[in-house]
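Each chain, written out:
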Amino acid sequence: MRNIILSLVLISCGPMVTHNQLRSGKEQYIDAKVVEYVNSYLADASQNGLNVESINKVSSISFVDTLPADVQGLCKRSFFSDNTMEAEVQIHRRLLSGNPIVLKVAIYHELSHCMYHAKHTTNVIGGLLSEYIVSKSSYYSQNWSTLVTALFTEIKKQQPKYSIDSDR
Ligand SMILES: [Zn+2]
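Quick look at the structure, then. Residue numbers restart at each chain and count upward from 1, following the sequence in its written direction. Only residues with pLDDT of at least 70 are given local features in this predicted model, and only at 80 or more are side-chain atom pairs given and counted; all residues enter the totals for whole chains, interfaces and linings.

**Here we look at the pairing of strand β5 (residues 85-92)**
Okay, so step 1: Put plainly, a residue is buried at 20 or more neighbouring C-beta atoms within 10 Å of its own, exposed at 12 or fewer, and partly exposed in between, counting only other residues' C-beta atoms, which are placed from the backbone. Each helix corresponds to a stretch of at least 4 residues labelled H or I by DSSP, and each strand to a stretch of at least 2 residues labelled E; elements are numbered beginning at the N terminus. The buried fraction of β5 amounts to seven of the eight residues, a majority that puts the element mostly inside the structure.
Okay, so step 2: Pairing between two strands is assigned when DSSP locates at least 2 bridges connecting them. As defined by bridge partners, strand β3 (residues 58-64) adjoins β5 across six bridges and the pair is classed as parallel. Of the residues in β5, the one forming a bridge with Val64 is His92.
Okay, so step 3: The pairing of strand β4 (residues 73-79) with β5 spans seven bridges and is classified as antiparallel. Following the sheet pairing, Arg77 is matched in β5 by Ala87.
Okay, so step 4: In sequence, β4 turns back onto β5 through a hairpin of five residues, with Asn83 there showing a positive phi of about 70°.

Shown next as structure tokens:
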């Protein structure tokens with residue numbers, strides 16, 4: 001584990017912004033460069049027993065040129081007075097020039113925030129809900145299936161209401 005800890009870099013997502021605003025009413029926009037990862041996320045979530053209907057609450061997934069310092073991705077959630085919610089994923093454009101697996105990690109991470117209100121796992125190094133992205137990208141490709149299973153297990157533990165097996 002030591003070498004993983006040492007290779008951590010201060011990147012990954014920043015705080016989730018929550019605020020009240022008027023309902024946007026705009027159509028869902030998903031950047032073509034991440035559609036493959038979004039579909040993969042939905043298939044994995046479904047296979048792991050989660051309801052994926054909340055993808056309809058994600059109004060957009062897009063690349064942006066500026067985010068707070070060292071932040072790679074963001075999930076902005078807006079709550080409306082009628083108890084509905086809309087979320088927006090912003091990914092820093094710099095991830096397009098790096099290893100694609102890191103972009104996939106960012107999508108999995110942010111969709112977990114936006115679709116399931118997942119919180120960071122502060123005690124897990126290198127998890128998909130960890131606040132930091134491990135700089136050695138081969139770590140993700142080598143451990144991918146284990147990381148995905150752990151991610152959805154954690155989400156179901158945090159938010160059992162999204163589980164297909166749930167009574168709710
Ligand atoms: Zn995060």
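**Considering helix α4 (residues 138-158)**
Three or four residues apart is the spacing at which side chains of an α-helix point the same way, because the helix has 3.6 residues per turn.
Okay, so step 1: A rise of 1.5 Å per residue sets the reference length of α4, with its 21 residues, at 30 Å; its end C-alpha atoms lie 28 Å apart and thus fit the reference within 8%.
Okay, so step 2: Taken as a whole, α4 carries its principal kink of about 75° at Trp144.
Okay, so step 3: Every buried residue of α4 is accounted for by Leu151, Phe152 and Ile155.
Okay, so step 4: In this structure, the buried residues of α4 make contact with α2 (35-47) and α3 (100-116). Between the first and last residue of a helix there are one fewer steps than residues, each counted as 1.5 Å, and that sum is the expected span. Bend is the name given here to the angle between axes fitted to two runs of seven residues, the run ending at a residue and the run starting at it. C-beta atoms are placed from the backbone for every residue, and two residues are taken to be in contact when these atoms lie within 7 Å.

**Examining the environment of Gly49**
Okay, so step 1: Here Gly49 shows up in the loop between α2 and β3.
Okay, so step 2: Sequence-wise, Gly49 and Asp165 are 116 residues apart; in three dimensions their C-alpha atoms are separated by 7.1 Å.

**Some details on the nonpolar core**
Okay, so step 1: In this description, a nonpolar core means buried residues of the types Ala, Val, Leu, Ile, Met, Phe, Trp, Tyr and Cys, linked to one another by C-beta atoms lying within 7 Å. The biggest cluster of nonpolar side chains holds 31 residues, and the ones touching the most others in it are Val89, Ile107, Tyr108, Leu111, Cys114 and Ile155.
Okay, so step 2: By residue number, the principal contributor to this core is α3, which donates nine residues.
Okay, so step 3: If we skip the residues at most four places from it in the chain, Ile155 touches Leu50, Ser112, Tyr116, Ala118 and Tyr162.

**Thoughts on the packing of α2 against α3**
A pair of packed helices can be characterised by two numbers: the angle between their axes and the separation between those axes.
Okay, so step 1: Axis geometry follows a simple rule: fit a line to the C-alpha atoms, using only the stretch in contact for helices, then measure angles between N-to-C directions, giving values from 0 to 180 degrees. Interaxial distance between α2 and α3 falls to 10 Å at its minimum, and their mutual angle equals 50°. In this view, α2 runs oblique relative to α3, as classed from their interaxial angle. The two elements α2 and α3 cross, and the hand of that crossing is right-handed. Contact residues: α2 offers Tyr37, Val38 and Tyr41, while α3 offers Leu103, Lys104, Ile107, Tyr108 and Leu111.
Okay, so step 2: Looking at side-chain class alone, the contact of α2 with α3 contains seven nonpolar, no polar and one charged residues. Roughly parallel covers angles under 35 degrees, roughly antiparallel covers those over 145, roughly perpendicular covers 65 to 115, and oblique covers all other angles. If you view the pair so one helix is near and one far, a crossing is left-handed when the near helix is turned anticlockwise from the far one by less than a right angle, and right-handed when it is turned clockwise. Note on residue categories: nonpolar means Ala, Val, Leu, Ile, Met, Phe, Trp, Tyr, Cys or Pro, charged means Asp, Glu, Lys or Arg, and polar means any other residue, Gly included.

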